[in-house]
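So the chains spell out like this:
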Amino acid sequence: MKSTAHAFKHNVHVALHDERLQRALHKAGGGFIDKRRAALDELPEFEALRESARAIKDHTLAHLDEYLEHFEAQVIASGGRVHWARTPEQARRIVVELCREAGAKRVTKGKSMVGEEIAVNEALEAAGFEAVETDLGEYIIQLAHEPPSHIIAPAIHKSRQDIAELFREHHGHHEALDSAREIVDEARERLRAAFLSADVGITGANFLVAETGSAIVVTNEGNGDLTATLPRTHIVLAGLEKVVPTLEDASVLLRLLARSATGQAFTAYTSLFTGPRRAEDGDGPEAFHVVLVDNGRSEMLGNEFHDMLRCIRCGACLNHCPIYGAVGGHAYGWVYPGPMGAVLTPLMQGLGEAGDLPNASSLCGRCEAVCPMSIPLPALLRRLRVRQYAAGGGSKRSRWGLAAWAFLARRPRLYQWAMGWGVRVLAALGGRRGRLRRLPGAGAWTAARDLPAPAGDTFQKQWRQRAGRGRG
Amino acid sequence: MRVALFVTCLVDLYRPRVGFAAVNLLERAGCQVEVPVQTCCGQPAYNNGDLDDARAIARQVIRAFEGFEHVVAPSGSCAGMLKCHYPTLFEDDPAWSDRALDLAERTHELTAFLTDVLGQDDFGAHYTGQATYHDSCSSLREMKVHAQPRRLLERVDGLQLKELGDNEVCCGFGGTFCVKYPELSARMVDDKVARIHETGADTLLAADLGCLLNIAGRLRRLDSMVRVYHIAEVLADMADGPGLGEAGDQGKERP
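Residues numbered from 1 in each chain as written. Chains lettered and ligands numbered in written order. Predicted model: local features only at pLDDT ≥ 70, side-chain atom pairs only at ≥ 80, totals over all residues.

S.K.: What's the story with the pairing of strand S2 (residues 106–109) of chain A in this structure? I'm lost.
M.R.: Along any regular strand the residues' side chains alternate between the sheet's two faces. Residues and elements named next belong to chain A. The pairing of S2 with strand S3 (residues 130–133) spans four bridges and is parallel. Across the sheet, residue Arg106 finds its bridge partner in S3, namely Glu130. One ladder, built from three bridges, connects S2 with strand S4 (residues 200–203); its direction is parallel. What sits directly across from Lys109, in S4, is Ile202. (Pairing = 2+ DSSP bridges. Helix = DSSP H or I, 4+ residues; strand = E, 2+ residues; numbered from the N terminus.)

S.K.: Where do I start with the sheet that holds strand S5 (residues 207–209) of chain A in this structure?
M.R.: Within a sheet, adjacent strands bond to each other through the backbone by hydrogen bonds, running parallel or antiparallel. Residues and elements named next belong to chain A. With mixed pairing, the four strands of this open sheet are ordered in space as S8-S5-S6-S9. With partners counted over all chains shown, the strands left at the sheet margins are strand S8 (243–244) and strand S9 (269–273), one partner each. Across three bridges, the pairing between S5 and strand S6 (residues 214–219) is antiparallel. Bridged to Leu208 within S6 is Ala215. Strands in contact with helix H12 (residues 247–261) are S5, S6, S8 and S9; relative to S5, the strand with the most contacts, it is inclined by about 165 degrees. (Contact = placed C-beta atoms within 7 Å. Axes fitted to C-alpha atoms, helices over the stretch in contact; angles between N-to-C directions.)

S.K.: So what exactly am I meant to see when it comes to the nonpolar core here?
M.R.: If you look at soluble globular proteins, the nonpolar side chains tend to sit buried side by side. Ranked by size, the top nonpolar core spans 226 residues in total, and within it Val291 and Val343 of chain A carry the most contacts. In contact with Val291 of chain A, not counting residues within four places along its chain, are His83, Ala85, Ala91, Ile94, Val95, Ile235, Val236 and Leu237 of chain A. (Core = buried A, V, L, I, M, F, W, Y, C linked by C-beta atoms within 7 Å. Buried ≥ 20, exposed ≤ 12 C-beta atoms within 10 Å, placed from the backbone.)

S.K.: What is the right way to read the sheet that holds strand S8 (residues 227–230) of chain B from this model?
M.R.: Residues and elements named next belong to chain B. A sheet is described by the order of its strands in space; here four strands give the open sequence S6-S5-S7-S8, paired in parallel fashion. The two strands at the open ends of the sheet, each matched to only one other strand, are strand S6 (157–162) and S8. The average undirected angle you get between the axes of adjacent strands in this sheet is 35 degrees. Contacts between helix H12 (residues 209–221) and the sheet are confined to strand S5 (126–134), strand S7 (203–206) and S8, with S8 contributing the most and set at about 170 degrees to the helix.

By themselves, these are just geometric observations and shouldn't be taken as functional.
Below, the structure written as structure tokens:
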């Protein structure tokens, strides 16, 4: 998808005034938070698990080349193939080529954020294939021609009524459905037909296991299984960082994933796919491919954003972010929203395109506090700001303001003289009202707030005056 | 015990009474309080990617506060900067990293210092009203302060504490964030104000002046009846003057 991250401020304005979106966000809001809390309350070893998970990922990333090669060898040993894609273009070309090889017409898709990242659906359609999303949320936004607004709940911005209307329009009946049950039943009916007639199934992977060459996919709808096992060819799309050494390691991460994401102890389906069907298998694809996507990840491996590669895409940082909660995912303008997106989007789309995202955060730290992989998201956002500042980014006005303030802050005597004047002027303007409604140059503050007036003399001045009288 | 007050730039410029309240509490708990010449902790530079200025300001603070047994700030945010972020700023600078770590070890947020280090939670204060307490993000998550201010407020005669809903959620201040993204910040402070009104409290307290200026600014704009003070003002019995942004004599402190 084409990024609109450069228009973040405009997107925010639109989102804040979109009543339907605000209602949907409000409704979804606390649910994830409460469910996660309840799940963790029943898991006293959460902190210990979190430490093990971090250690597993750090170890894997430190030896990523070895584990990826081992993974490839195991995939080949089980009869599959691994394809390496440095760029989204390469990844799209590989997928399209594999679909052609399979003689495909219809392609079913399990939910895949890497699929969104490389815009695989657009590439498939441009090449003449019919791509059908099979995760209910993804299916809904595919009908609406919209990108996902949440990494685990892609249609969270849609109300039941929105979905009923979409179905009426696209499924060609006259009356909108009213219950969630009817909506789900109708989607199931449509998707069953797609599952049974698909030639290629594309899924993402939550984890890749080096010791077995397996791809692990978790879903709550079982659509991943039907996408992977019914068609002749199964293609797994995954970022390079998804590999873990062993099944044991994957099980530690799985214990954190669903709890952090939806508050479930485990998702309804956790499936391991290893190679194509064997002679003794009852079902499964004839061909099994894994497309490993780099798209900037190997660069992150060696720089100050290394920690971001631990991300397991649970969405907890989105669910706990006050910015995400206020505007939803689309305002971020690209595939990944929320705090993790504010880090990844500038790294994948460039700071020129997404320069607002790392700045649009109060650095409140709640994302880091809930992250099961202990990713220091506020620190990563700050590091992006450092890059931006070094490259001369940001508005002239804010750079100037900051430079003038820093010049004073580095010179205590001058600072106290200048600030002393400043607060006296503000105090005089505030007078006995104790606040200012408007102040030239402070419109960003006073648009929604009064400015409480300062008292008059600074603390330090009053303190030293008293010390002069023999106190202090 | 020789204690240096890191008064914070906002208290210094906006609300000197909070500084005097902090001194009052520390002195009554037996500390000898000094106030080294200071400007700011450097967060505006640090959070805007200007590490050179952030380091220059940090070196200035480290120098000014060397030799004191403890450094106390009436703010979780500024204390967090000294304690958590100065060591990060100098992690690759052997000449300064030890000095930064030394300051970090001696730095405390005011309410945590009073209760945990000095073992005092009753200052004999009186305040008539129902108050709710806002945890600043830095206090809560960087300084791990949660129980301490509540313990102190429980001992204030006449004060009934009402817990604030969504207390882990940011008020939308965020330093320069609030003026760089005013619409987002306004939405966040509106949510916070709604939670405050839901408690039915007549007073909002916090230990960070940044949050307080933001929330008080919004409350005053909405002509809310909720009054706003820094927790130190209540604990030191100095909450008898106008609250933040209120009309009245804004003049000098009575010694």
